[in-house]
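Examining the three-dimensional arrangement
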Amino acid sequence: MRLLAAAARQPNTPHPLLAALRRLLSTATSSSYDPTAQFLHPDHRRVLSLPASLRHDALLALARLLKISPQCHLALHAVSGGSPSSTPLAARFAAASRLAASASALRPFAAILLAALLPAASADLLSWSSSSSSGCARARYGALRLALHAFLAAGMAAEALHVLARVRRSGNTPSLSALAALLRLLFRGGEVRAAWNVFEEMAARGPRPSLAIFNAMLLGFCHRGMLRLASGLLGVMENKFGVVPDACSYNILIKGHCVFGWSGDAFKLFEEMRTSGREPTVVTYNILVNVLCHEGRMAEARRLFDEMEQVGIKANTITFNVLIDGYAKTGRMDEASTAYKEMKVRGLVPDSCTFNILAAGAYKFGHNAAQLLVHDCGMSGSHISAAEGLDVLVCRLCWDGRLDDAWELLHGAIEQGVPVSVAGFNALIATYSKEGLHEAAFQLYRIMNKLGLAPSTHTFNYLLMGLCHQGRLDEAQLVLEHMVSKGYCLSTSFTIYLDASFREGDAVRALKCWDDMEKIGLQPDFIAFSAYVNGLCRLDYVNEAYQAFFEMTTRGLVPNNITYNSIISAFCRAGNMAEALKLQKQMRQSGLVPDVYTSNILIDGLCREGNLNMVDSLLLDMCSNGLIPDTVTYNTIINAYCRAKDMNGAMNFMNKMFAAGCEPDIFTYNIWMHSLCSNHMLNQAGKVLDELAARGCAPNSVTYNTLMDGICSDVLDRAMILTGRLIKMAFQPNTITLNVFLSHFCKQGFGKRALMWAEKLREDSFVFDDATRNIIDWAQREMENDTQASNEDIDRCLFLEFLMFMTYETMHNSRSSKATHVPTDKGFDPAGSNMMTILDTG
């Protein structure tokens, strides 16, 4: 069975999830199966489906009529059977109309049957529904009503508006259900003005807007970011129309404010909801707990979570998923695991989202939470559906890096007719994007569209992240524009694009993105502001970053340690230590505890200024606050003492580092070696090299280049001995190494030899950088001194020639041994991946 191809490859016992999924597929229920779909054309079965709430009544009515009415047999056959040539469209429309007239429960079913003929038969349906002059007024209205619902089911808003106008002209009143569906369709397509016109016409000509209509309007306005209009509509519902807002009305508005960055106003609505006598629901709490987690306010999120139980509202799986996700994203995996266990104690069943959250956190922060959930899923697979089981396994394979297995599993499920969901596709799209497999990710997006699965905001965000990581910002912008035009939730999407623009050093693009957020009514949330401040700091726009930081706090968004660290670091790099220290004090006053990173940033800034006395004071303050200096702390201080030529001070901190149990890394040794070599203490540098080898710390290119520079400047005999050690340690040279040698040729008056080696390197296509080209210019100026060298100089020249030869051979062999590996994505065709073509298919 292709569905289990991933398991078949494993030589060991199949993974528990594979076994669980096999059980799921063998015992999959038909709860998601729509029996009415058998009457549709095969191309439309996945796109059109009768709502589950209407299937039961429709099937009962159809079964009853098939028993007692031969005309029902004929009508059903005329609509769904035969070819268009054998059964004219007009006859199909009339047959569907007879089915709809035979029982009210069959009206949605008849509309779905006609929708399956669209859009090819659009003009014919419009003509049929309005041109028939025969029959009573009731029959004519029935035809118009059927056409209206068919166009709505097919998602054809323009045609539905056309039929609605004919219904109005005929003197009839459309149904509230049709108008609610039309409003949702118009808002989804971004046609806000047309939706408002429909609403105004209802208010003037009927039917009087119901609670469902108002909620559809609220949802549409919030979805498009028109929060003021939505708030105004909530205010007139009861006063002007006598429609009392329910919990759903408030939930829509609260969610809208949270999505667009107005969490403070969302909590004001929450209080207004309670004082007006509308009891919050579990959905209300889920929205608010989620926004607190999203902003990193986990203590407040937990308090609100606990409040639910106090007011008698039971948390559901979604509530726990939101809380677990908040803990996981902040790296608090122990608390995430505790919340997961609490979820099981309450009798709630984890779903595929629970697994995805814990797996992501576990793989990122190194925790066994994912293994716990995998075991639970394997033991209790009967509690989850086939689609959820598939999602869990696809996600697991993705996190294990088994992308081919994940794709084969998903592809096999599609071929076997097993229900698939957006979650499984999103997991694989996210992994492809992370691995830089852009074409494969967009091919999956196209497959989703062909299957009739509507991409979620997460789908596009994963595609955006993949493009941004590759620096393909123009294509990322097209994806973002597509999301704006389709009315997707954009807060995270803009933040991804904003952060990528800053990382690429494109300040103009980043600032335009920030302005565009304001233009479309998207209020930056805590994460967006943090990315904006951090990006400005990264590009050293210190004043602009501080202004954005101030605006962030005035909007009630509380900066966290990362935001403070970014702005403090920018001031330190700009040499404004007074402002940096002031911000550290402000950080403490706001209730945040400066962490090791904060201290390291400040210590580095003070070291740059040479203020070593204050560094000692800050280090003591750091330890008194319970912070343990790490390797970066000691490296920064040791490097500062070395630059100040205070070798005793550097050695003192080296000893403190060892005494504190903090292991030096390669950067520590490189700092120390550079200082020794700069002071012509090559014997001591050789001892440090021996210590490196004894501790099992692998030297890097900086280590070798530092020593090579020292060797070339030292006494010839000692240099020869140290060179032998480096060759034994499998010295790996790079362009900097070659620059070291070429510069030493020039320093010692052998410009001609430097030019000879440069020419040889150029012929072998070695990469030169700006430093290499400057050295070559220097060598040309030094050529005239080549003939005046003494014997000692000639000996040194031969020694440099020997080192250069050894370096050249090592680099040449390394380059020729490299093989180019081009990964291929089985089952994916990268052709036709034009961005607009891809997005238009959605």
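Definitions and limits used
- Residues numbered from 1 in each chain as written.
- Predicted model: local features only at pLDDT ≥ 70, side-chain atom pairs only at ≥ 80, totals over all residues.
- Heavy atoms only, no water.
- Helix = DSSP H or I, 4+ residues; strand = E, 2+ residues; numbered from the N terminus.
- Buried < 20%, exposed > 50% of the residue type's maximum accessible area, 1.4 Å probe, protein only.
- Contact = heavy atoms within 4.5 Å.
- Areas by Shrake-Rupley, 256 points an atom, 1.4 Å probe, with all protein chains shown as cover.
- Core = buried A, V, L, I, M, F, W, Y, C linked by side-chain atoms within 4.5 Å.
- Axes fitted to C-alpha atoms, helices over the stretch in contact; angles between N-to-C directions.
- Parallel < 35°, antiparallel > 145°, perpendicular 65-115°, else oblique.
- Left-handed = near helix turned anticlockwise from the far one by under 90°.
- Nonpolar A, V, L, I, M, F, W, Y, C, P; charged D, E, K, R; others polar.
- Expected span 1.5 Å × (residues − 1).
- Arc of directions from axis to C-beta.
- Phe/Tyr/Trp six-rings, centres within 6.5 Å; stacked < 30°, edge-to-face > 60°.
- Lys NZ or Arg CZ within 6 Å of the ring centre and 35° of its normal.
- Salt bridge = Lys/Arg side-chain N within 4 Å of Asp/Glu carboxyl O.
- pLDDT = per-residue confidence, 0-100.
- Polar contact = N/O pair within 3.5 Å; in protein donor to acceptor, adjacent residues only side chain to side chain.
- Disulfide = S-S within 2.5 Å.

What follows concerns the overall build of the protein chain. Counting secondary structure elements, the protein chain contains 46 helices and zero strands. Looking at the protein chain as a whole, 50% of its 842 residues are labelled buried. Partitioning the contacts of the protein chain with sequence separation of at least 6, the portion at a separation of at least 24 is 65%. Put simply, the protein chain shows about 39,800 Å² of open surface, and 54% of that area lies on carbon and sulfur atoms.

Quick look at the nonpolar core now. Grouped together as the largest cluster of nonpolar side chains are 227 residues, with contacts concentrated most on Ile-254 and Phe-425. Sorting elements by how many residues they give to this core places helix H8 (residues 137–153) first, with nine residues. Sequence-distant contacts of Phe-425, defined by excluding residues within four places in its chain, comprise Leu-410, Ile-414, Val-420, Leu-444, Ile-447, Met-448, Leu-451 and Leu-453. Counting 12 residues, the second-largest nonpolar core is a separate cluster that includes Leu-742, Cys-746, Leu-755 and Ala-758.

Attention now goes to the packing of helix H15 (residues 263–275) against helix H16 (residues 282–294). Packed helix pairs are specified by the crossing angle of their axes together with the interaxial distance, meaning the distance between the axes. Contact geometry for H15 and H16: axes closest at 11 Å, N-to-C directions at 155°. In this view, H15 runs roughly antiparallel relative to H16, as classed from their interaxial angle. Helix-helix and strand crossings are classified by hand; for H15 and H16 the assignment is left-handed. Across the interface between the two elements, Ser-263, Ala-266, Phe-267, Phe-270, Met-273 and Arg-274 of H15 pack against Thr-284, Tyr-285, Leu-288, Val-291 and Leu-292 of H16. Each residue belonging to the contact of H15 with H16 can be placed in one class, and the counts come to eight nonpolar, two polar and one charged.

Here we take up helix H35 (residues 612–624). For an α-helix the count is 3.6 residues per turn, leaving residues at separations of three or four pointing the same way. Compared with the 18 Å implied by 1.5 Å per residue over 13 residues, the 19 Å span of H35 between its first and last C-alpha is a close match. Looking only at H35, the buried set comprises Leu-612, Val-615, Leu-618, Leu-619 and Met-622. What you see down the axis of H35 is that its buried residues fit within an arc of 105°, all on one side. Turned more than 90 degrees from where H35 packs its buried face, Asn-613, Leu-620 and Ser-624 sit exposed. In the core, the buried residues of H35 are packed alongside helix H33 (577–589), helix H34 (596–609), helix H36 (631–643) and helix H37 (647–659). Once H35 ends, the next one or two residues include Gly-626, with phi positive near 85°.

Let us now look at the packing of aromatic side chains. One pass over the structure, following the stated rule, counts 18 aromatic pairs. Taken together, a centroid distance of 6.1 Å and an interplanar angle of 50° make the contact between Phe-502 and Tyr-532 tilted. Of this pair, Phe-502 sits in helix H28 (residues 491–503) while Tyr-532 sits in helix H30 (residues 526–538), and the two are 30 residues apart along the sequence. For Phe-502, a relative accessible area of 1% corresponds to the buried category. The interplanar angle of 75° and the centroid separation of 5.1 Å between the aromatic rings of Phe-549 and Tyr-564 together place this pair among those described as edge-to-face. Here Tyr-564 lies in helix H32 (residues 561–573) and Phe-549 lies in helix H31 (residues 542–554), a separation of 15 residues in the sequence. Here Phe-549 and Tyr-564 have matching classes, each one buried. Positioned above the aromatic ring of Phe-653, the side-chain terminus of Lys-656 is 4.5 Å from the ring centre.

On to the packing of H34 against H36. Interhelical geometry of H34 versus H36 gives an angle of 5° and a closest axis separation of 9 Å. Overall, the two elements H34 and H36 adopt an arrangement that is roughly parallel. Of the residues in H36, those in contact with Val-596, Asn-600, Ile-603, Asp-604, Cys-607 and Arg-608 of H34 are Val-632, Thr-633, Thr-636, Ile-637, Ala-640 and Arg-643. The class makeup of the residues in the contact of H34 with H36 is six nonpolar, three polar and three charged.

As a working rule, side chains carrying opposite charge can pair if their charged atoms are close by. Per the stated rule, a full pass over the model turns up 22 salt bridges. As a salt-bridge pair, Arg-302 and Asp-306 come within 3.1 Å of each other at their nearest N and O atoms. Taken together, the positions of Arg-302 and Asp-306, both in helix H17 (residues 298–310) and four residues apart, correspond to about one turn of that helix. Assessed through its relative accessible area of 21%, Arg-302 is described here as partly exposed.

Per-residue pLDDT for the protein chain has a mean of 78; in total, 78% of the residues score no lower than 70. Of all secondary-structure elements in the protein chain, the lowest mean pLDDT belongs to helix H1 (residues 5–9), at 36, while H16 reaches the highest, 92. Taken as a whole, residues 1–31 scores under 50 in pLDDT and shows 53 contacts with residues more than four places along the chain or in a different chain. Here residues 818–833 scores under 50 on pLDDT; set against residues more than four positions off or in separate chains, the count is 19 contacts.

Glancing now at unusual backbone geometry. A negative phi angle is the norm for most residues apart from glycine, just as the trans form is the norm for most peptide bonds. In the segment running from Leu-118 into Pro-119, the intervening peptide bond is cis, with an omega of 10°. In this structure, Pro-119 sits in the loop between helix H6 (107–115) and helix H7 (122–131). The omega torsion across Gly-206 and Pro-207 is -5°, close enough to zero to call that bond cis. Structurally, the position occupied by Pro-207 is in the loop between helix H11 (192–205) and helix H12 (211–223). We note that Asp-540 has phi near 65°; this positive angle belongs to a residue other than glycine. Even without glycine at this site, Lys-645 takes up a positive phi of about 60°. Inspection of the secondary structure puts Lys-645 in the loop between H36 and H37.

For the rest of this paragraph, the subject is the environment of Phe-260. Among the secondary structure elements, Phe-260 is positioned in the loop between helix H14 (247–259) and H15. For the pair Phe-260 and His-223, spaced 37 residues apart in the sequence, the C-alpha separation amounts to 9.5 Å. In contact with Phe-260, other than residues within four places in its own chain, are Cys-222, His-223, Arg-224, Gly-225, Leu-227, Gly-521, Leu-522 and Gln-523.

Moving on to the environment of Gly-686. When you line up the elements, Gly-686 lands in helix H39 (residues 682–695). Its relative accessible area of 3% is what places Gly-686 among the buried residues.

Structurally, the position occupied by Arg-278 is in the loop between H15 and H16. Residue classification places Arg-278 among the buried positions, given a relative accessible area of 13%. A polar atom in the side chain of Arg-278 sits 3.3 Å from the side chain of Glu-238. Sequence-distant contacts of Arg-278, that is, excluding residues within four places in its chain, are made with Glu-238, Val-244, Pro-245, Asp-246, Tyr-250 and Met-273.

This paragraph deals with H34. Counted at 1.5 Å a residue, the expected span for H34 with its 14 residues is 20 Å, and the 20 Å between its end C-alpha atoms agrees. Counting buried positions over the 14 residues of H34 gives 10, a clear majority of the element. Every buried residue belonging to H34 is among Val-596, Thr-598, Ser-599, Asn-600, Ile-601, Leu-602, Ile-603, Gly-605, Leu-606 and Cys-607, and all of these are buried. Looking at the buried residues of H34, the elements they touch are H32, H33, H35 and H36. Between a side-chain oxygen at the N-terminus of H34 and the backbone nitrogen of Tyr-597 the separation is 3.2 Å; the capping residue is Asp-595.

Applying the stated criterion to the full structure yields zero disulfides. Cys-468 carries a free sulfur, and the closest cysteine sulfur to it, the one in Cys-513, is 9.3 Å from it.

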